[in-house]
Amino acid sequence: MSTKRYTSHDPELNSLYTQLAEHDLQPLWEMQGLLTKTPTVQTVPHRWSSTDLRRLAARSGDLVPIDRGGDRRVLALSNPGLAGAPYISSTLWAAVQFLLPGEMAPAHRHTPAALRFILDGDGVYTVLDGDPVTMARGDLVLTPAWSFHEHHNPGKKSMVWLDVLDLPIVAGLDAVFFEEGTSEKADQSAAERSTSERLYGQGSGLVPVGVDGPQPAHSPLTVYRWASTDQALTRMLEQSGTGQAHLRFRDPTRDRDVMPTLRCEMRRLRAGAKSGRERQTGSRVCAVLSGTGQADIDDRTFPLAAGDIFVVPSWSVHRLHADEDLDVFITSDAPVLEKLSLYRSEALDA
Ligand code: 1HN
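Cut-offs and rules
As a convention, each chain's residues are numbered from 1 in the sequence order in which they are written. This being a predicted model, a pLDDT of at least 70 is required before a residue's local features are given, and a value of 80 or more before pairs of side-chain atoms are given or counted; all residues contribute to the totals for chains, interfaces and linings. The side-chain numbers reported here are obtained from all heavy atoms of the structure, hydrogens and water having been left aside. Pairing between strands requires that DSSP locate at least two bridges from one strand to the other. Think of it this way: any DSSP run of H or I at least four residues long counts as a helix, any run of E at least two long counts as a strand, and we number them from the N terminus. Each axis is a line fitted through C-alpha atoms, taken for helices only over the stretch in contact, and angles between the N-to-C directions span 0 to 180 degrees. Residue contacts are counted whenever heavy atoms from the two residues lie within 4.5 Å of one another. In this text, near means that some heavy atom of the residue lies within 4 Å of the molecule or strand in question. Polar contacts, as used here, are pairs of N or O atoms within 3.5 Å; protein pairs need one atom able to donate a hydrogen and one able to accept it. Residues neighboring in sequence count only if both atoms are side-chain atoms. Only the protein chains shown count as cover for residues, with accessible areas throughout obtained via the Shrake-Rupley method and a probe of 1.4 Å. Throughout this entry, Asp, Glu, Lys and Arg are counted as charged residues, while Ala, Val, Leu, Ile, Met, Phe, Trp, Tyr, Cys and Pro are counted as nonpolar. The remaining residues, Gly among them, count as polar. We define a salt bridge as a contact between a side-chain nitrogen of Lys or Arg and a carboxyl oxygen of Asp or Glu at a distance within 4 Å. Here the nonpolar core consists of buried residues drawn from Ala, Val, Leu, Ile, Met, Phe, Trp, Tyr and Cys, with membership extended through side-chain atoms lying within 4.5 Å. To sort residues, take the accessible area from a 1.4 Å probe on protein chains only and compare it with the maximum for the residue type: under 20% means buried, over 50% means exposed, and anything in between is partly exposed. Working definition: rings of Phe, Tyr and Trp (its six-membered ring) pair if their centres are within 6.5 Å, and the pair is stacked with planes under 30 degrees apart, edge-to-face with planes over 60 apart, and tilted otherwise. Expected helix span is given by 1.5 Å per residue-to-residue step, counting one fewer step than there are residues.

Peer 1: Looking at this model, I keep getting lost on the sheet that holds strand β14 (residues 263–269). Mind explaining?
Peer 2: Strands in a sheet are paired, the pairing made by backbone hydrogen bonds, and the direction either parallel or antiparallel. In spatial order, the strands read β1-β19-β16-β21-β14-β13; together these six strands make up an open sheet with antiparallel pairing. Each edge of the open sheet is held by one strand with a lone partner, namely β1 (46–48) and β13 (244–249). Here the strands of the sheet are splayed against their neighbours by 20° on average, with no regard to which way each runs. Strand contacts of helix α5 (residues 226–240): β13, β14, β16 (284–290) and β21 (326–332), with the helix running at about 140° to β13, the strand carrying the most contacts.

This is the structure:
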């Protein structure tokens, strides 16, 4: 018997509760907090500073090699509200990964989907199901569920980036599978544009005809380059006149998010701009690409600088302020909530 035993001052009821526990049963009438008016959220608002992340990632590089068994030199951002779980929120994994010059993180695949957002640097390339993709500042690189991936640093500088995975969702569904792969030996860093980009990264509304094969469950474009994102934000900002631009990364071939479980967006706020207060169901991982400002999340206020990573828990009221021009990458589990008809959002200043 390991279930909870309820107690009562009424001897007969108390005896029933003993028997219930012995039979792994619990009385609903004694339980509280199962159905709450609004979500009860364990994830708390939190920010990890770039300075700490970089210093501790580099120190891990000094002390910890990458070997089979470890595979990745990764520091998980562990939400202080989640009792020590290595998760940034109840549904998302976020981490910084550090790769030294000459190092390689070997090939594997898993059912949790991943993405990388590069906050600084370049020189590393990742191989996605055989397709080498270079990674540089501001790029968004997808690792869809069950695709083989490995990371190589053939250059002379170490590199650090943000990894986000839907691991807690997949683990909660008891659907985690993992497999090792065979890594590429030759240096493929010279492949300037991946096959995926050549086919699907031509720009707005241009997709190839006659490329057959099964439709993947994710965007066939696996990298969104900073040059395009930056240009889109610049033009949207010129057009908007509000000092704010907000875009979503989408599958160029179909009306859907980049992957079945993860939504990716980018916001730009001009110096002095302040976004409206809003809240949504589902949690968000945000990373500051450049600028300074502030994030207000419920009753907390976090100063923001380039490289900082913060988490917005489900249904918390949040807003951004820019002191200097601010670029923020945002990823969330919104596609999952939408598919399950659980997505709600509110604009509080409207
Ligand atoms: C993983 O495969 C990577 O491939 C990074 O870079 C972080 C965290 C948990 C599980 C698998 C990677 C990961 C991960």
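Peer 1: I'm lost on the site of the ligand in this one. Help?
Peer 2: Within the structure, the ligand sits among R72, W93, Q97, H108, H110, R116, H149, H151, D163 and L165. Contacts to the ligand include R72, whose side-chain N or O atom sits 2.8 Å from an oxygen atom. When the ligand is considered free in solution it has 330 Å² of accessible area, and contact with the protein chains removes 87% of it. Only β3 (93–99), β4 (104–110), β9 (149–152) and β10 (159–165) provide two or more residues apiece to the shell around the ligand. Its residues placed into classes, the shell around the ligand shows two nonpolar, five polar and three charged.

Peer 1: Is there a simple way to think about the pattern of salt bridges in this case?
Peer 2: Two side chains carrying opposite charge are able to pair once their charged atoms lie near each other. The tally for this structure, following the rule as stated, stands at 22 salt bridges. With a closest N to O distance of 3.0 Å, D52 and R55 form a salt bridge. Of this pair, D52 and R55 both sit in helix α2 (residues 50–63), three residues apart, which is roughly one turn of the helix. Where salt bridges share partners, they join D139, E197 and R225 into one cluster.

Peer 1: Explain the nonpolar core here, please?
Peer 2: Soluble globular proteins tend to bury their nonpolar side chains together. I88, L115, L140, F249, M266 and I309 are the most contacted members of the largest nonpolar core, which totals 38 residues. Setting aside residues no more than four positions away along its own chain, M266 makes contact with F117, W226, T229, L233, A245, H246, L247, F249, L289, D327, V328 and F329. Counting 15 residues, the second-largest nonpolar core is a separate cluster that includes L269, I297, A322 and L326.

Peer 1: I tried to follow the packing of aromatic side chains on my own but got confused; where do I start?
Peer 2: Centre distance and the angle of the planes are the two values used to describe a pair of aromatic rings. One pass over the structure, following the stated rule, counts five aromatic pairs. Between Y6 and Y17, the ring centres sit 6.4 Å apart and the planes meet at 70°, which makes this aromatic pair edge-to-face. Of the two residues, Y6 sits in the segment before α1 (11–22) while Y17 sits in helix α1, which places them 11 residues apart along the sequence. For Y6, a relative accessible area of 12% gives the class buried. Ring-pair connections join several aromatic residues into one group, and the members of that group are F117, Y224, F249 and F329.

Peer 1: I would appreciate a short explanation of the pairing of strand β20 (residues 318–322) in the present structure.
Peer 2: Two faces, one strand: in a regular strand the side chains alternate between the faces of the sheet. Counting buried residues along β20, five of its five residues qualify, which places the element largely inside the surrounding structure. Side chains of β20 alternate between two faces, with H318, L320 and A322 and R319 and H321 buried alike. Note: strand β17 (residues 293–297) against β20, five bridges, orientation antiparallel. The partner of Q294 across the bridge, within β20, is H321.

Peer 1: Teacher, can you tell me more about the environment of V209 here?
Peer 2: Among the structural elements, V209 can be located in the loop between α4 (195–200) and β12 (223–224). A residue is classified by how much of its surface remains accessible, and V209, at 81% relative accessible area, is exposed.

Peer 1: Sorry if this is basic, but what is going on with α1 here?
Peer 2: The end-to-end C-alpha distance of α1 is 17 Å, a good match for the 16 Å that 12 residues give at a rise of 1.5 Å each. N-cap assignment for α1: the residue whose side-chain oxygen lies 2.8 Å from the backbone N of E12 is D10. In the segment just after α1, D24 is the residue with positive phi, at about 55°.

Peer 1: Any chance you could explain the sheet that holds β4 here in plain terms?
Peer 2: The strand order β7-β6-β9-β4-β11 describes an open sheet built from five strands, whose pairing is antiparallel. The sheet is open, and its two edges are formed by β7 (131–136) and β11 (178–180), each paired on a single side. On average, each strand axis in the sheet is inclined to that of its neighbour by 25°, with strand direction left out of account. With three bridges connecting them, β4 and β11 associate as antiparallel partners. Residue H110 lies in a different strand from β11, and its bridge partner there is F178.

Peer 1: Which parts of the structure should I look at to understand the side chain of D257?
Peer 2: If you trace the backbone, D257 turns up in the loop between β13 and β14. Among the polar contacts made by the side chain of D257, one reaches the side chain of R263 at a distance of 2.9 Å. If near-sequence neighbours (up to four positions away) are discounted, D257 is found in contact with R248, D251, L262, R263 and P335.

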